[in-house]
Amino acid sequence: MKYETIDIKNKGSMEYAALHLFLFEDSPEIPMKTRPIVIICPGGGYEFTSDREADIIAVQYLSMGYHAAVLRYSVAPAVYPAALLELGRAVAVIRENAKEWHVDPDKIVVSGFSAGGHLAANYSMFWNREFLSEALSKTSAQLQPNGLILCYPVITSGEFAHDGSFCNLLGKDYEAQKEELSLEFCVGDQVPRTFIWHTYEDDCVPVQNTLLLANALVQHHIPTELHIFEKGGHGLSLGTRLTGSADGGWTQSEVAVWPQLVHTWMESWITGA
């Protein structure tokens, strides 16, 4: 196993912005020579990036046999599109080094929790826009994500918005830009295959965020897998004691199956089953 930290800062980035890579090394004993990679964007309302949705999630993907990366992206007072550009640079860096790092360049998946879900979804909808290519000096082909995994994502700036996330993301441009970043209206053929889970009881980021997105994905014929769990509040991460609080909070056994569901979804895609 190899661990690397990559500088992905752009104009507007905070000093701490970095991509943390967890990579399998090649072994003559293992016939698998390239692996998918999942880039994890932790949540935190664009105010911080949560440790509960970072390295411990990377370990889950490593246990499935995939490379993993954690993006510690810029948050307030940094504003849009700082984090979006950082995710774009992360995808490009991984694709450029795919051979050295034994990554399958056609299996780069972006994933996000809560506000990190907004970032991952935003990127999956905007990766082919000219302003990204120009800012990063990359082609759209270098920036393209191949899959999207969303965990209780922030999506809409409308009736069911998590306003705090949009206020932190947009700063003084909140009113002017919030509609542009209401992602249920940004879905098109450019969005890759998508896996989403949320909970009915989420009273912080309402489940309607996911339902609005899922409806748009289906309308545009994007292959989509959706799981709505009845029980559980917001920010559950794994839903187990590994990411729970000392008083038993952030645990919900019903949702603890989501990594297995993602694994099945990934393997079906990888094998073409």
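Residues numbered from 1 in each chain as written. Predicted model: local features only at pLDDT ≥ 70, side-chain atom pairs only at ≥ 80, totals over all residues. Heavy atoms only, no water.

Description of the overall build of the protein chain
Here is step 1 of the chain: The helix and strand inventory of the protein chain stands at 10 helices and 8 strands.
Here is step 2 of the chain: Here the C-alpha atoms of the protein chain give a radius of gyration of 17 Å, agreeing with the 19 Å that 2.2 N^0.38 yields for 273 residues.
Here is step 3 of the chain: Here the C-alpha coordinates of the protein chain stretch approximately 55 × 45 × 40 Å along the principal axes.
Here is step 4 of the chain: Within the span of the protein chain, comprising 273 residues, buried residues form 56% of the whole.
Here is step 5 of the chain: Long-range pairs, those at least 24 residues apart, make up 73% of the contacts in the protein chain with a sequence separation of at least 6.
Here is step 6 of the chain: On the protein chain, roughly 11,600 Å² of surface is accessible, and the fraction owed to carbon and sulfur atoms is 53%.
Here is step 7 of the chain: The average position of the 18 basic charges and that of the 33 acidic charges among the side chains of the protein chain differ by 6 Å. (Helix = DSSP H or I, 4+ residues; strand = E, 2+ residues; numbered from the N terminus. Rg over C-alpha atoms; globule rule 2.2 N^0.38 Å. Buried < 20%, exposed > 50% of the residue type's maximum accessible area, 1.4 Å probe, protein only. Contact = heavy atoms within 4.5 Å. Areas by Shrake-Rupley, 256 points an atom, 1.4 Å probe, with all protein chains shown as cover. Lys, Arg positive; Asp, Glu negative; His and termini not counted. Charge placed at Lys NZ, Arg CZ, Asp CG, Glu CD.)

Digging into the pattern of salt bridges
It is possible for side chains bearing opposite charge to pair when their charged atoms get close.
Here is step 1 of the chain: Taken as a whole and assessed by the stated rule, the structure comprises 10 salt bridges.
Here is step 2 of the chain: Put simply, Asp 173 and Lys 172 hold a salt bridge, and the shortest N to O gap is 3.8 Å.
Here is step 3 of the chain: Since its relative accessible area comes to 29%, Asp 173 is described here as partly exposed.
Here is step 4 of the chain: In this structure Lys 172 comes out as exposed when scored by relative accessible area, which is 80%.
Here is step 5 of the chain: A salt bridge links Lys 231 to Glu 201, with the shortest nitrogen-to-oxygen separation between them at 3.5 Å. With Lys 231 in the loop between β8 (224-229) and α10 (258-271) and Glu 201 in the loop between β7 (193-199) and α9 (208-219), the pair connects residues that are 30 residues apart, well separated along the chain.
Here is step 6 of the chain: With a relative accessible area of 33%, Lys 231 lands in the partly exposed category.
Here is step 7 of the chain: For Glu 201, a relative accessible area of 36% gives the class partly exposed.
Here is step 8 of the chain: Where salt bridges share partners, they join Asp 7, Lys 9 and Glu 15 into one cluster. (Salt bridge = Lys/Arg side-chain N within 4 Å of Asp/Glu carboxyl O.)

Some thoughts on the sheet that holds β7
Here is step 1 of the chain: Pairing is mixed across the open sheet formed by 8 strands, whose spatial order is β1-β2-β4-β3-β5-β6-β7-β8. Of all the strands in the sheet, just β1 (2-7) and β8 have a single pairing partner and so form its edges. Along the sheet, successive strands turn relative to each other by an average axial angle of 15 degrees, direction set aside.
Here is step 2 of the chain: With 5 bridges connecting them, strand β5 (residues 103-113) and strand β6 (residues 147-151) associate as parallel partners. Across the sheet, residue Val 110 finds its bridge partner in β6, namely Leu 148.
Here is step 3 of the chain: Running at roughly 155 degrees to β5, helix α2 (residues 82-96) makes contact with β1, β2 (18-23), β3 (35-41), β4 (67-72) and β5 of the sheet. (Pairing = 2+ DSSP bridges. Axes fitted to C-alpha atoms, helices over the stretch in contact; angles between N-to-C directions.)

That's the geometry; what it means functionally is another story.
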